[in-house]
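Each chain is listed here by its residues.
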Amino acid sequence: MQDKEEMTSLVTVEKKLNSQGYTHDFTVRGGRLCTMDDDSARTYSPEETTIIDYFRFEGESNPDDMAILYAIETSDGTKGTISSAYGTYANEDVDKFILNVELLGKNLVKGKK
């Protein structure tokens, strides 16, 4: 498991996950998880998606700076990350998609990465 002292910033965690093969950036469009690759963008349903881990971040001076980063693996082995803010600034599409994955019981296979 990661050292909590070392994994305090979003950038640090993203670099660590990238070194572990989580190289794709995901977004959600039309209720589907999408890779953000220009040439070979792929899409996935909640059934094709597993949340491997997640990391929460809180702003030191502003509670509005709270975010969550998910490490994701898809059914074809594509690994990457997606993030969302909390509260007012949350990405509703991302939050709905993640909730659908969680409702399927495909969330948090902690320690697999």
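### As for the sheet that holds strand S4 (residues 49-57)
Step number 1: Pairing is mixed across the open sheet formed by six strands, whose spatial order is S3-S2-S1-S6-S5-S4. In the strand order of this sheet, the two ends are held by strand S3 (43-44) and S4, each with one partner.
Step number 2: Taken together, the two bridges between strand S1 (residues 24-29) and strand S6 (residues 79-85) define a ladder with parallel strand orientation. Within S6, the residue paired with His24 across the bridge is Gly80.

### Quick notes on the environment of Thr12
Step number 1: With respect to the helices and strands, the residue Thr12 is situated in helix H1 (residues 10-19).
Step number 2: Looking at Thr12, the relative accessible area reads 29%, which means it is partly exposed.
Step number 3: Reaching out from Thr12, the side chain makes a polar contact with the side chain of Ser9 at a distance of 2.7 Å.

### Here we look at the pairing of S6
Step number 1: Looking at chain direction, strand S5 (residues 67-74) and S6 are connected through seven bridges and run antiparallel. Pairing of Leu69 across the sheet is with Ser83, part of S6.
Step number 2: Here S5 hands over to S6 after four residues, with Gly77 in that stretch at a positive phi of 90 degrees.

### A few points about the pattern of salt bridges
Any two side chains of opposite charge can pair, given that their charged atoms come close.
Step number 1: Under the defined criterion, the tally for this structure stands at two salt bridges.
Step number 2: For Glu48, the salt bridge is made with Arg32, and the minimal N-O distance between the two is 3.5 Å. In this pair, Glu48 sits in the loop between S3 and S4 while Arg32 sits in strand S2 (residues 32-35), placing the two residues 16 residues apart along the sequence.
Step number 3: For Arg32, a relative accessible area of 31% corresponds to the partly exposed category.

### Description of the side chain of Ser45
Step number 1: Along the chain, Ser45 turns up in the loop between S3 and S4.
Step number 2: With residues up to four places along the chain from it excluded, the contact list for Ser45 reads Arg32 and Phe97.

About the cut-offs
Residues numbered from 1 in each chain as written. Predicted model: local features only at pLDDT ≥ 70, side-chain atom pairs only at ≥ 80, totals over all residues. Heavy atoms only, no water. Pairing = 2+ DSSP bridges. Helix = DSSP H or I, 4+ residues; strand = E, 2+ residues; numbered from the N terminus. Buried < 20%, exposed > 50% of the residue type's maximum accessible area, 1.4 Å probe, protein only. Polar contact = N/O pair within 3.5 Å; in protein donor to acceptor, adjacent residues only side chain to side chain. Salt bridge = Lys/Arg side-chain N within 4 Å of Asp/Glu carboxyl O. Contact = heavy atoms within 4.5 Å.

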